[in-house]
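Working through the structure, step by step
Each chain is listed here by its residues.
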Amino acid sequence: MAIERTFSILKPDATRRNLTGAVNALIEAAGLRIVAQKRVLLSRAQAETFYAVHKARPFFGELVESMIAGPIVVQVLEGEDAIKKYREVLGATDPSKAAEGTVRKQFALSVGENSAHGSDSPENAAIEIAQFFSGNEIVG
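Since the structure is predicted, the reported quantities are computational estimates derived from the model, not experimental observations.

Calculation rules
- Residues numbered from 1 in each chain as written.
- Predicted model: local features only at pLDDT ≥ 70, side-chain atom pairs only at ≥ 80, totals over all residues.
- Heavy atoms only, no water.
- Pairing = 2+ DSSP bridges.
- Helix = DSSP H or I, 4+ residues; strand = E, 2+ residues; numbered from the N terminus.
- Buried < 20%, exposed > 50% of the residue type's maximum accessible area, 1.4 Å probe, protein only.
- Arc of directions from axis to C-beta.
- Contact = heavy atoms within 4.5 Å.
- Core = buried A, V, L, I, M, F, W, Y, C linked by side-chain atoms within 4.5 Å.
- Lys, Arg positive; Asp, Glu negative; His and termini not counted.
- Salt bridge = Lys/Arg side-chain N within 4 Å of Asp/Glu carboxyl O.
- Polar contact = N/O pair within 3.5 Å; in protein donor to acceptor, adjacent residues only side chain to side chain.
- 1 Å grid on protein atoms, 1.4 Å probe; cavity = no way out; pocket = protein on both sides within 12 Å on 5 of 7 lines; lining within 4 Å.
- Points joined across faces, edges and corners; volume = space filled by probe spheres on them.
- Nonpolar A, V, L, I, M, F, W, Y, C, P; charged D, E, K, R; others polar.

So, about the pairing of strand E1 (residues 3–10). Along a regular strand, successive side chains alternate from one face of the sheet to the other. Where E1 lies against strand E3 (residues 72–80), eight bridges are found, and the strand directions are antiparallel. Bridged to Glu4 within E3 is Gly79. Two elements, E1 and strand E4 (residues 116–118), share three bridges in a ladder whose sense is antiparallel. Residue pairing across strands places Ser8 opposite Gly118, the latter belonging to E4.

The structure is reproduced here in structure tokens:
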């Protein structure tokens, strides 16, 4: 398998509860490396751009509001089959349906406050990484 990169966000509900280290421990235990990481505050425009694919959905406004409610931690993760592996680490979007030991089962408060985001494809990973990191900020 090839080494690939994926994008991760630790959302405001996770940073508010000081879960960055606990989530990072699960990421690293799964064999993924954190090759870039920073804590940022999203503007409304940034959140709307990031979630533009959901603009027509009824939950778009609530999603944007939740993402600008506090700091987030954006990350680039690297490893074999990183996209699939990180999505397994995250668990189902609905924490009640997430597998034991996953980020969302352990830490999510609800479907809306599900603690983390992970890219769903190589194409989206590249787009999402480029929104937050320049090449020299990613050190593998």
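The set of residues buried in helix H5 (residues 82–90) consists of Ala82, Ile83, Tyr86, Val89 and Leu90. Angular distribution of buried residues about the axis of H5 spans 125°; they occupy a single face of the element. Of the surrounding secondary structure, the elements contacted by the buried residues of H5 are E1, helix H2 (20–29), E3, helix H6 (103–107), E4 and helix H7 (122–132). Phi turns positive, to about 85°, at Gly91, one or two residues after H5.

Time to look at the nonpolar core. By size, the foremost hydrophobic cluster in this structure holds 19 residues, and its most contacted members are Phe7, Met67 and Phe133. Residue assignment for this core shows that the elements contributing at least two residues are E1, strand E2 (33–40), helix H3 (44–50), helix H4 (60–67), E3 and H7. Among the elements that take part in this core, H4 stands out by supplying four residues, more than any other.

Turning our attention to the side chain of Glu128. Here Glu128 shows up in helix H7. The side chain of Glu128 is buried and forms no salt bridge, while Arg87, the nearest opposite charge, is found at 7.6 Å. Within polar-contact distance, the side chain of Glu128 engages the side chain of His117 at 3.1 Å. If we ignore the near neighbours within four places in the chain, the residues touching Glu128 are Phe7, Phe50, His117 and Ser119.

The next subject is the layout of surface pockets. The calculated volume of the largest pocket comes to roughly 680 Å³. Lining the largest pocket are 27 residues, with Lys11, Tyr51, His54, Leu63 and His117 sitting closest to its centre. Of all the secondary structure elements, the ones that give two or more residues to the lining of the largest pocket are H3, H4, E4 and H7. When residues in the lining of the largest pocket are grouped by element, the largest group, four residues, is from H7. For the lining of the largest pocket, the per-class residue count stands at nine nonpolar, 11 polar and seven charged.

Among the residues of H7, those classed as buried are Ala125, Glu128, Ile129 and Phe132. For H7, the arc enclosing every buried residue in end-on projection is 100°, short of the 170-degree limit, so these residues lie on one face. Those residues of H7 that are exposed and angled more than 90 degrees off the buried face are Glu123, Ile127 and Ala130. Elements that come into contact with the buried residues of H7 comprise E1, E2, H3, E3, H5 and E4.

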